[in-house]
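A look at the structure
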Amino acid sequence: MKFPIFLLFLIISAGIASAKGDCNADGKITSVDALIALKMSVGKIEPREVADMNGDGAVTSYDAFKILMLATGDEEDLFFILEDALKGQDIGKYLDNERMNWIIAKKDGSKLTVGVVVENKKLKDFFKGEVTNPSMNIYSNEETVRRILNSKNPDEIKEGIKNGEIRIEGVGIVNQIRVTVMNLFSKFL
């Protein structure tokens, strides 16, 4: 047992920058922001960090695409938000050799499954889809995930686990025992 799982969500929520993608600083992410980012990507407008959605130091058409996805409310926006929140985070302090499926029930009735692989204390893979041979599955819903990501309250994750909005299941007997102990331990923090 390495850590209580809610600490991972705490790390993610600390990494969110609410203004990311709001290229015209009007407090909303719209197709206008995507157009501005696209103009930045071809040199028509001076690139700014707010449009660098993947944190690679450059504004590209991919960044404009991500902004457009956020603006249109496409199902991918939650995936992009989670992806961006994990970038630059030292999750190796809390996780090592985990293969997780994050299964998020969407508002429209569909589900978003995100595969997360941590090896040698480093985030190796983060992708849309299922991880094969997972060590754990984490279930929640879109409303809970967005609330946690936008919250400044560090207890939001713990409350989500406590009230059943976040459910963690170990896969296989050893991981089931490990997750049960981890969940019991987290109730005392």
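Residues numbered from 1 in each chain as written. Predicted model: local features only at pLDDT ≥ 70, side-chain atom pairs only at ≥ 80, totals over all residues. Heavy atoms only, no water.

Within an unreviewed UniProt entry, the label attached to the chain reads Dockerin domain-containing protein, and the organism entered is Geoglobus ahangari.

Attention now moves to the side chain of Thr144. Turning to its location among the elements, Thr144 is positioned in helix H5 (residues 142-150). Overall, Thr144 belongs to the buried group, its relative accessible area being 1%. Ignoring anything within four residues of it in the chain, the contact list for Thr144 reads Glu165 and Ile166. (Helix = DSSP H or I, 4+ residues; strand = E, 2+ residues; numbered from the N terminus. Buried < 20%, exposed > 50% of the residue type's maximum accessible area, 1.4 Å probe, protein only. Contact = heavy atoms within 4.5 Å.)

Looking only at helix H2 (residues 31-41), the buried set comprises Asp33, Ala34, Ile36, Ala37 and Met40. Viewed end-on, H2 has its buried residues packed into an arc of 160°, placing them on one side of the element. Following H2 by one or two positions, Gly43 has its phi on the positive side, about 85°. (Arc of directions from axis to C-beta.)

Turning to the environment of Val118, a few remarks are in order. By the element assignment, Val118 lies in strand S2 (residues 111-119). Apart from residues lying up to four places away in sequence, Val118 is in contact with Ile91, Leu95, Asp96, Asn97, Glu98, Leu123 and Lys124.

A few words now on the packing of H2 against helix H3 (residues 61-72). For the pair H2 and H3, interaxial distance at closest approach is 8 Å and the crossing angle is 180°. The orientation of H2 relative to H3 falls into the category roughly antiparallel. Across the interface between the two elements, Ser31, Asp33, Ala34, Ala37, Leu38 and Ser41 from H2 touch Ser61, Ala64, Ile67, Leu68 and Ala71 from H3. Residue composition of the contact of H2 with H3, by class: seven nonpolar, three polar and one charged. (Axes fitted to C-alpha atoms, helices over the stretch in contact; angles between N-to-C directions. Parallel < 35°, antiparallel > 145°, perpendicular 65-115°, else oblique. Nonpolar A, V, L, I, M, F, W, Y, C, P; charged D, E, K, R; others polar.)

Let us look at the pairing of strand S1 (residues 98-105). Of all eight residues that make up S1, six are buried, and the element is covered over most of its length. As defined by bridge partners, S1 adjoins S2 across eight bridges and the pair is classed as antiparallel. By the bridge assignment, Ile104 is partnered in S2 with Leu112. Strand direction decides the pairing type here: S1 and strand S4 (residues 136-141), joined by six bridges, are parallel. Following the sheet pairing, Asn101 is matched in S4 by Asn137. (Pairing = 2+ DSSP bridges.)

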